[in-house]
Protein chains: 4
Amino acid sequence: MSRSTTPAAGAPDGAGPPRRQRSDAKRSAAALLDAAKTAFAQSGVDVPAKQITDLAGVGVGTLYRHYPRRSDLIVAVLQHEIDECVTAADELSSGAGPRAALVAWIGRFTEFVGTKQGLASALHSGDPAYEGLPDQLLEQLVPALQGLLDRAAAAGEARDDVSAREVLTAIALLSQPVPGGADGFSERMIAIFLDGLSVTG
Amino acid sequence: MSRSTTPAAGAPDGAGPPRRQRSDAKRSAAALLDAAKTAFAQSGVDVPAKQITDLAGVGVGTLYRHYPRRSDLIVAVLQHEIDECVTAADELSSGAGPRAALVAWIGRFTEFVGTKQGLASALHSGDPAYEGLPDQLLEQLVPALQGLLDRAAAAGEARDDVSAREVLTAIALLSQPVPGGADGFSERMIAIFLDGLSVTG
Amino acid sequence: MSRSTTPAAGAPDGAGPPRRQRSDAKRSAAALLDAAKTAFAQSGVDVPAKQITDLAGVGVGTLYRHYPRRSDLIVAVLQHEIDECVTAADELSSGAGPRAALVAWIGRFTEFVGTKQGLASALHSGDPAYEGLPDQLLEQLVPALQGLLDRAAAAGEARDDVSAREVLTAIALLSQPVPGGADGFSERMIAIFLDGLSVTG
Amino acid sequence: MSRSTTPAAGAPDGAGPPRRQRSDAKRSAAALLDAAKTAFAQSGVDVPAKQITDLAGVGVGTLYRHYPRRSDLIVAVLQHEIDECVTAADELSSGAGPRAALVAWIGRFTEFVGTKQGLASALHSGDPAYEGLPDQLLEQLVPALQGLLDRAAAAGEARDDVSAREVLTAIALLSQPVPGGADGFSERMIAIFLDGLSVTG
DNA sequence: TATGAATGAGCCTTCATTCAT
DNA sequence: CATGAATGAAGGCTCATTCAT
């Protein structure tokens, strides 16, 4: 009734691709997901929405259409990566030896967690939108690790009084990137932890 | 030479309101430090300044006088606790056995880190104000742990190819509170890590 | 001359999805009109377009095709009801006695206005799109009332120094629903007003 | 932690008064009240906050400090005027004759309502913030009118089966400014209504 | 020195409007 | 013709920071 918006915004960019090709909404959603992943990694979960949309090459409105709340975006990003991680476990479990497979997968997981810095803290922010989220995500990874862990335990190469879930959490913590951390810090600390995990005595 | 150096203990105040007269700026600074510690713990480092000043019972202006930048406050809070932690190490080192002392101090440290959640992420935020800060703080703790670690290594109870600094960092990570974490999660994971640390083979 | 003017009732449609084929644009326009009437009543004239289109079961684009500006929709809604009101006057004028017919029609009009709450304020919003609109709409009702009013005046049952237009406006105002209004408030106040109108002295 | 606001905004306006004189918060609140009154009258209750603050010569923040919610401002504006209206009643009641006083006060009230257009609709918006507000405001005016009404009734100049509250509401409705309204429209319609009110038969 | 009112930049979010399909 | 995804301007609101008192 009152909005007197200027008729059109005109072309925002002479150069870019021929834009707005009704590129099947999915394109936008995916681009946003990707942009968010990058933006979150660079600037944390509180990164301004504008930064994400610019990176994705879409308007803010599009972000809100696909991910009404910030948490929706965060969840989507996490879920997307978790999926990849689970897949990796399947592939690894049918390959190398018990210990090797365990180590390999943990390496993959470490990599994943390493780029998720801020995300974790968002999950614990108390925002009701994340209610049970960490748990839910973690549960998807538990089976992946459990299999590998069982094989190792069966081979006498791992203690059996620790749950896959706990190991997962511990590894996740040790995978956090640290400022003055020399290269391979995470890997070496995780190795020590795994050593402790092998102390079956 | 007879003028008392004490800054006018009996300032004239007949007129004005009974305002907090010359109430030693230090009082404010301390109150703010305390309030910040609490506020940070409750709401993270991004807690609104107002919340801190309200808690401290001072005006915002006072916060800015004592701690011009948010980082100044964060640093102060951390430094304050680090000091207490270092002191504890001194006391412990001259008490129990090598391993016991090590474990005890790490327990103390764990406790400290456990309540600092958000602070850590602030340090890694990339903000130039924290340039080298984590390092600097860590360095103060290194000597504290190194002594305990050396004693343990000398007694054959710890590998010697890991620096005190690395152990400190690893423990700090494992001390992070986790959401679904059962009681004693941190302690148990740290125990496993220490087990790995004892694997001198 | 043998070609049927009916626009291809049997359009080829073998391929595409069973889309609403040539579903008479009128259907959409009508559905929108109806939806708008409801939406306006519920949420005022500023109700988001989306809400109207959802209610009508059409896409936003369709709304803009039929009613480019919000005012077009508002005008259409009002016009639609005015028409019904005028029709009612015709029927009533040839029925009951002077006073009874007048009262009856005003009752009908009251009902109409009562559900138009927000619309009125839109008309007075200063938006050039409504320039002269209220006048135009009002003019259509004037004849309807004038006849009834004249009959009453002729019978000495109404003063004659007030125009049908003014009466119409006054009644419209008194018909506005009021919050704490007891049932029949409008009716009773209008009755008082009509009493005043009868004071021919 | 992240806000990198440019240090200062500099002087927004070379010409204006020497600004920011700590002019006793009340000054701001009053200026805002006044500006709001004007802005509401000109552009309705939904007028952008910026428009109000510009008019008041203060920053947006100041608006939110004094009136956190839009409704707070609306209520304040209304209350302010109600007060003046009530005061007027006191003065009038001890002056002219019964009917004259009644008419005079209603004139005053009409004036008040006439400039409140949009406000009324805000009160009926269903926003919980206005819960009971109209009632509350109305109740303050009821005693003012009741006295005048009683005097008139006692003098046989007004029917007694209508409450002051109802009269108040009816008058308020008739006082609404109408677009094509000739000068004195409200007054004349109200006069007719009052005539009806005098029909004691 | 302390206070807290004022400021305004910046971010979030909604929604009118366009336009590719 | 209809659809609904995309866009981006507009406005709400918060909160860091300054500065008059």
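Residues numbered from 1 in each chain as written. Chains lettered and ligands numbered in written order. Predicted model: local features only at pLDDT ≥ 70, side-chain atom pairs only at ≥ 80, totals over all residues. Heavy atoms only, no water.

**A closer look at the interface of chain B and chain A**
Point 1. Contacts between the two partners involve 26 residues from chain B and, on the opposite side, 27 residues from chain A.
Point 2. Of the roughly 2,200 Å² buried at the junction of chain B and chain A (both faces included), carbon and sulfur atoms supply 72%.
Point 3. Interface area lost by chain B to chain A is led by Glu166, Leu173 and Ile192 of chain B, which between them contribute 26%.
Point 4. Our enumeration of links across chain B and chain A arrives at 4 salt bridges.
Point 5. For Arg159 of chain B, the salt bridge goes to Asp195 of chain A, with nearest N and O atoms at 3.1 Å. (Contact = heavy atoms within 4.5 Å. Buried area = accessible area lost by both parts, 1.4 Å probe. Salt bridge = Lys/Arg side-chain N within 4 Å of Asp/Glu carboxyl O.)

**Brief notes about the packing of helix 5 (residues 98-114) of chain C against helix 8 (residues 164-174) of chain C**
Residue and element names in this part refer to chain C.
Point 1. Contact geometry of helix 5 with helix 8 gives a least axis separation of 9 Å together with a crossing angle of 55°. Put simply, helix 5 runs oblique to helix 8. The element helix 5 and its partner helix 8 pack so that their crossing is right-handed. Facing Trp105, Ile106, Phe109, Thr110 and Val113 of helix 5, the residues of helix 8 in contact are Leu168, Ile171 and Ala172.
Point 2. In terms of residue class, the contact of helix 5 with helix 8 is made up of 7 nonpolar, 1 polar and no charged. (Axes fitted to C-alpha atoms, helices over the stretch in contact; angles between N-to-C directions. Helix = DSSP H or I, 4+ residues; strand = E, 2+ residues; numbered from the N terminus. Parallel < 35°, antiparallel > 145°, perpendicular 65-115°, else oblique. Left-handed = near helix turned anticlockwise from the far one by under 90°. Nonpolar A, V, L, I, M, F, W, Y, C, P; charged D, E, K, R; others polar.)

**Looking at the relation of the copies chain B and chain A**
Point 1. Of the transformation superimposing chain B on chain A, the axial component is 0.0 Å and the angular component is 178°, with the fit at an RMSD of 0.3 Å. Overall, the copies show the geometry of a two-fold rotation axis. Minimal C-alpha distance to the rotation axis in chain B is attained by Gly196 of chain B, lying at 1.9 Å.
Point 2. Both copies share a contact surface, since 100% of the interface residues of chain B are interface residues in chain A too. (Least-squares fit on C-alpha atoms with pLDDT ≥ 70 in both.)

**Quick notes on the domain arrangement of chain A**
Residue and element names in this part refer to chain A.
Point 1. For chain A, the domain assignment lists domain 1 (23-68) and domain 2 (71-198).
Point 2. Listed as interface residues are 11 residues of domain 1 and, on the opposing side, 12 residues of domain 2.
Point 3. For the domain 1 and domain 2 pair, buried surface summed over both sides reaches about 960 Å², with 79% attributable to carbon and sulfur atoms.
Point 4. Where domain 1 meets domain 2, there are 1 salt bridge. (Domains from an automatic or database assignment.)

**A short note on the packing of aromatic side chains**
Point 1. Tallied over the full model, the rule gives 8 aromatic pairs over all chains.
Point 2. Note on Trp105 of chain B and Phe109 of chain B: the rings are 5.4 Å apart at their centroids and 5° apart in plane angle, and the pair reads as stacked. Separated by 4 residues within a single helix, Trp105 of chain B and Phe109 of chain B lie in helix 5 (residues 98-114), roughly one turn from each other. Taken as a pair, Trp105 of chain B and Phe109 of chain B share a single burial class, namely buried.
Point 3. For the pair Phe109 of chain C and Phe112 of chain C, a centre-to-centre distance of 6.1 Å together with 50° between the ring planes defines the contact as tilted. Taken as a pair, Phe109 of chain C and Phe112 of chain C lie in helix 5 at a separation of 3 residues, close to a single helical turn. The pair Phe109 of chain C / Phe112 of chain C is uniform in exposure class, with both members buried. (Phe/Tyr/Trp six-rings, centres within 6.5 Å; stacked < 30°, edge-to-face > 60°. Buried < 20%, exposed > 50% of the residue type's maximum accessible area, 1.4 Å probe, protein only.)

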